[in-house]
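# A closer look at the structure
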Amino acid sequence: MNKIVGIVAVATIVTFLIRSVPFLFFRKKDLPDLIIYFGRYLPFALMPLLVVFALKEVNPFVYPYGLPELIASLLVIILHFKFKKLALSIGFGTLAYMFLVQIAFA
């Protein structure tokens with residue numbers, strides 16, 4: 001148990017450092033153009049990659065025929081277009097997918 005707590009503690013500290021160190025470097029300077037470019041275009045470039053990765057194992061010829069993935073994906077799209085809240089759409093999409101996979105199509 002102590003080993004697990006130590007591993008989680010180290011992972012937490014490393015994650016915090018990785019995410020906070022860039023703020024130390026760019027505290028008083030203007031951001032480089034490359035960082036601004038990445039911040040503007042990289043999220044949009046990664047979304048299709050994540051969708052493909054999430055749907056790559058779906059087999060439309062075997063029950064449940066990809067219906068949980070399709071329903072959850074449509075829910076995410078509809079919620080995002082309606083409310084423009086990323087956390088809301090992804091959160092409810094994840095909850096819907098878990099419900100569909102574990103209860104509705106089990």
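Structural data are supplied above this passage.
Throughout what follows, the structure given in this document is the object of discussion. Being a predicted model, the structure only gives us computed values, none of them experimental. (Residues numbered from 1 in each chain as written. Predicted model: local features only at pLDDT ≥ 70, side-chain atom pairs only at ≥ 80, totals over all residues. Heavy atoms only, no water.)

This part takes up the side chain of E69. Residue placement: E69 occurs in helix α3 (residues 67-83). The residues touching E69, leaving out its near neighbours within four places in the chain, are L55, V58 and Y97. (Helix = DSSP H or I, 4+ residues; strand = E, 2+ residues; numbered from the N terminus. Contact = heavy atoms within 4.5 Å.)

As a further point, take helix α4 (residues 86-104). Between its terminal C-alpha atoms α4 stretches 25 Å, which fits the 27 Å expected from 19 residues at 1.5 Å a residue. Of all the positions in α4, only S89, G93, A96 and L100 are classed as buried. Across the axial projection of α4, the buried residues extend over an arc of 65°, all falling on one side. Exposed side chains of α4 directed beyond 90 degrees from the buried face belong to A87, L95, Q102 and I103. Elements that come into contact with the buried residues of α4 comprise α3. (Expected span 1.5 Å × (residues − 1). Buried < 20%, exposed > 50% of the residue type's maximum accessible area, 1.4 Å probe, protein only. Arc of directions from axis to C-beta.)

Let's shift gears to helix α1 (residues 2-25). With 24 residues, α1 should reach 34 Å at 1.5 Å per residue; the first-to-last C-alpha distance of 35 Å fits that figure. At R19, α1 shows its largest bend, some 30°, and a proline, P22, comes one to four positions later. Burial within α1 is sparse, with just one of its 24 residues counted as buried. (Bend = angle between axes of the 7 residues up to and from the residue.)

For the rest of this paragraph, the subject is the environment of L79. Tracing the sequence through the fold places L79 in helix α3. Note: C-alpha distance between L79 and F99 (20 residues apart in sequence) is 17 Å. If we ignore the near neighbours within four places in the chain, the residues touching L79 are K84, L88, S89 and F92.

Okay, unusual backbone geometry next. Note the cis peptide between Y63 and P64, where omega equals 5°. Mapped onto the fold, P64 is located in the loop between α2 (33-55) and α3.

The next thing to look at is the layout of surface pockets. Gaps between atoms show up when a probe of the same size as a water molecule is rolled over them. Within this model, the largest pocket holds a volume of roughly 710 Å³. Looking at the largest pocket, it is lined by 18 residues, and the ones nearest its centre are V51, A54, S73, V76 and I90. (1 Å grid on protein atoms, 1.4 Å probe; cavity = no way out; pocket = protein on both sides within 12 Å on 5 of 7 lines; lining within 4 Å. Points joined across faces, edges and corners; volume = space filled by probe spheres on them.)

So, on to the packing of aromatic side chains. Throughout the structure, instances matching the rule amount to four aromatic pairs. Between the aromatic rings of Y63 and Y65, the centroid separation amounts to 6.0 Å while the plane-to-plane angle is 90°, which identifies the pairing as edge-to-face. By the ring-pair criterion, three or more aromatic residues cluster together here, those being Y37, F38 and Y41. (Phe/Tyr/Trp six-rings, centres within 6.5 Å; stacked < 30°, edge-to-face > 60°.)

Interpretation note: all reported values are geometric properties and have no functional meaning in isolation.
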